[in-house]
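As a plain string of letters, each chain reads:
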Protein chains: 2
Amino acid sequence: MTTLGHVLLGLLARAPASGYDLAQKLKGPVDFFWQARHSQIYPELARLEQDGYVVVQHVPQTERPDKKIYRITDAGTTVLKAWVIAPVEVPVVRDELVLKAYCLWLAHPAAAIELFRAHAHHHTELLARYQRNQGWLLEQWATEGRRIDSPWFGSIASIQRGIGYEQEYAAWCRWMIEQLEQAISD
Amino acid sequence: MTTLGHVLLGLLARAPASGYDLAQKLKGPVDFFWQARHSQIYPELARLEQDGYVVVQHVPQTERPDKKIYRITDAGTTVLKAWVIAPVEVPVVRDELVLKAYCLWLAHPAAAIELFRAHAHHHTELLARYQRNQGWLLEQWATEGRRIDSPWFGSIASIQRGIGYEQEYAAWCRWMIEQLEQAISD
DNA sequence: AGAGCCATGTAACCGGTTACATGATTAG
DNA sequence: CTAATCATGTAACCGGTTACATGGCTCT
């Protein structure tokens, strides 16, 4: 089982969905830290079906192309539950911007400053989006009595990480800009 | 030109090195956010040589296997300098632990807590290592009058990001543990 | 008239990991 | 005697991206 397989099971454990639906959710960095294209999702769903972790329901449509709705099975839920508490390796981080910072002594500070301003802006925007989302999620969770076995808790946990991540990244960019501005003014 | 190519040029811009030396530096998450295996480094160095961005010096050794010392050329420095200030895409984040947090509503809190304790420990350790490294780097930088065109600045900039990253990750793990402990005690 | 959404797939490519291959020296 | 370090390479595999392929409906 690949990680993407677990991603799809994790989403289907919350609600049945089509490959298209899943592809929409995995388009951007929304809700949690994973992304995938439809070209990877469709074959993976076929594999999950072959393994018996999901079942398909063909839904003919007239005005739109036909759909295939996927549902998680008991077997799928079992493997997902086992996987959740199994140990994981820490992911390897590869960040080209940090690498550029490492080589920044070779560049004109004035030219480099633009680069970090753009990224500071991007991460600040994402942060704001996550924070808005968090507010809404907390409300939803409250209506269910803040139970840890509620899917809302999972969403909040992952968005919490996103907020911390973007906050820290934006702060680092601003720190870099400060350093570069100081170097220019000296 | 691949990103790994720029990584290698970035390292060779500081000091000549062999493929083995570079592989040692790129083994773990030291100094900055990149990793690579020797099986990827050796072919990449050959490509850089073909493109004229580095030159090789064969160093025969008697007690040890022969070496190939790589040096960056003027052409190599030129492309590296241009690359440093060129725009970059934000990297896609894929973190299996965050994904597990997203699915945590399916698990027993007591079993999940172990998982986050292990990761909290790991990130705290890495943080300490980065902080020790930072202290030493700041000293070195001070001896050069804290110039922004000093390689030490590059190292400090990237370690700064590492410190922020690990700090935030460890804090998130502790927050997760808190939530799970609260759920158990309730 | 053209862009964008709905909906599902396949195929080529590319970066990175794992494993295969060799062989001398040194430390436990 | 075994494991680790030095030193350089190749080959198979795998996950993810880009591009190819189709086709009707809706909004501007």
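Structure first, text after, so check above.
Parameters and conventions
- Residues numbered from 1 in each chain as written.
- Chains lettered and ligands numbered in written order.
- Predicted model: local features only at pLDDT ≥ 70, side-chain atom pairs only at ≥ 80, totals over all residues.
- Heavy atoms only, no water.
- Helix = DSSP H or I, 4+ residues; strand = E, 2+ residues; numbered from the N terminus.
- Rg over C-alpha atoms; globule rule 2.2 N^0.38 Å.
- Buried < 20%, exposed > 50% of the residue type's maximum accessible area, 1.4 Å probe, protein only.
- Contact = heavy atoms within 4.5 Å.
- Areas by Shrake-Rupley, 256 points an atom, 1.4 Å probe, with all protein chains shown as cover.
- Lys, Arg positive; Asp, Glu negative; His and termini not counted.
- Charge placed at Lys NZ, Arg CZ, Asp CG, Glu CD.
- Pairing = 2+ DSSP bridges.
- Axes fitted to C-alpha atoms, helices over the stretch in contact; angles between N-to-C directions.
- Buried area = accessible area lost by both parts, 1.4 Å probe.
- Salt bridge = Lys/Arg side-chain N within 4 Å of Asp/Glu carboxyl O.
- Polar contact = N/O pair within 3.5 Å; in protein donor to acceptor, adjacent residues only side chain to side chain.
- Nonpolar A, V, L, I, M, F, W, Y, C, P; charged D, E, K, R; others polar.
- Near = heavy atom within 4 Å.
- Core = buried A, V, L, I, M, F, W, Y, C linked by side-chain atoms within 4.5 Å.

Visitor: Would you explain the overall build of chain A in this entry?
Guide: Counting its regular elements, chain A contains seven helices and three strands. Each helix and strand of chain A, ordered N terminal to C terminal, gives the series α-β-α-α-β-β-α-α-α-α. Taking 186 residues into account, the globule formula puts the C-alpha radius of gyration at 16 Å, and chain A, at 21 Å, lies well above it. The principal-axis extent of the C-alpha atoms belonging to chain A is close to 65 × 40 × 40 Å. Across the 186 residues in chain A, those meeting the buried criterion constitute 46%. Long-range contacts, defined here as pairs at least 24 residues apart, represent 57% of the contacts in chain A between residues at least 6 apart. With the model as given, the accessible surface of chain A reaches about 9,400 Å², and the carbon-plus-sulfur share is 51%. Where the 19 positive side-chain charges of chain A centre and where its 21 negative ones centre are 4 Å apart.

Visitor: Can you walk me through the sheet that holds strand S3 (residues 67–72) of chain B in this structure?
Guide: Backbone hydrogen bonds are what pair the strands of a sheet, in a parallel or an antiparallel way. All names here are of chain B. Strand order across the open sheet formed by three strands is S1-S3-S2, with antiparallel pairing between neighbours. Only two strands of the sheet have a single partner each, and these edge strands are strand S1 (17–18) and strand S2 (54–59). Bridge analysis of S2 against S3 gives six bridges, and the strand direction is antiparallel. Residue pairing for S3: Val59 is matched across the bridge by Lys67. Against the sheet, helix H1 (residues 3–12) engages S1, S2 and S3, with an angle of about 90° to S3.

Visitor: It is not clear to me how the interface of chain B and chain A should be interpreted in this structure. Could you clarify?
Guide: Interfaces are frequently sized by the accessible area removed from exposure as the parts join. Listed by partner, the interface residues are 69 residues for chain B and 69 residues for chain A. Counting each side, the surface lost to burial between chain B and chain A is near 6,700 Å², with a carbon and sulfur contribution of 72%. In terms of surface lost to chain A, no three residues of chain B exceed Tyr102, Trp105 and Arg161 of chain B, which account for 13% of the buried area on that side. Where chain B meets chain A, there are two salt bridges. Glu168 of chain A is the salt-bridge partner of Arg161 of chain B, the closest N and O atoms lying 2.2 Å from each other. At the boundary of chain B with chain A, the tally comes to 18 residue pairs in polar contact (both at pLDDT 80 or more). When contributions to the side of chain B that touches chain A are tallied by element, the ones reaching two or more residues are H1, helix H4 (74–84), helix H5 (96–102), helix H6 (109–143) and helix H7 (151–185) of chain B. Counting residues per element, the side of chain B that touches chain A draws most heavily on H7 of chain B, at 19 residues. Split into classes, the residues belonging to the side of chain B that touches chain A amount to 45 nonpolar, 13 polar and 11 charged.

Visitor: For this particular structure, what's the right way to read the protein's contact with DNA strand C?
Guide: In the region of DNA strand C, 21 residues are neighbours, and Tyr20, His38 and Lys68 of chain A together with Ser39 and Gln40 of chain B sit closest. A share of 66% of the atoms of DNA strand C within 4 Å of the protein falls on sugar and phosphate groups. Taking Arg37 of chain B, its side chain carries an N or O atom lying 2.9 Å from a phosphate oxygen of DNA strand C. Within the contact set of DNA strand C, a phosphate oxygen lies 2.4 Å away from a side-chain nitrogen or oxygen of Gln40 of chain B. Looking at the surface near DNA strand C, the elements with two or more residues in it are helix H2 (19–25), helix H3 (38–50) and strand S3 (67–72) of chain A together with helix H3 (38–50) of chain B. Residue contributions to the surface near DNA strand C peak at three residues, all from H3 of chain A.

Visitor: When you look at the nonpolar core in this model, what are you seeing that I'm missing?
Guide: Soluble, globular proteins show a tendency: their nonpolar side chains are buried together. Phe116 of chain A together with Phe116 and Trp172 of chain B are the most contacted members of the largest nonpolar core, which totals 116 residues. Top element by residues in this core is H7 of chain B. It accounts for 13 residues.

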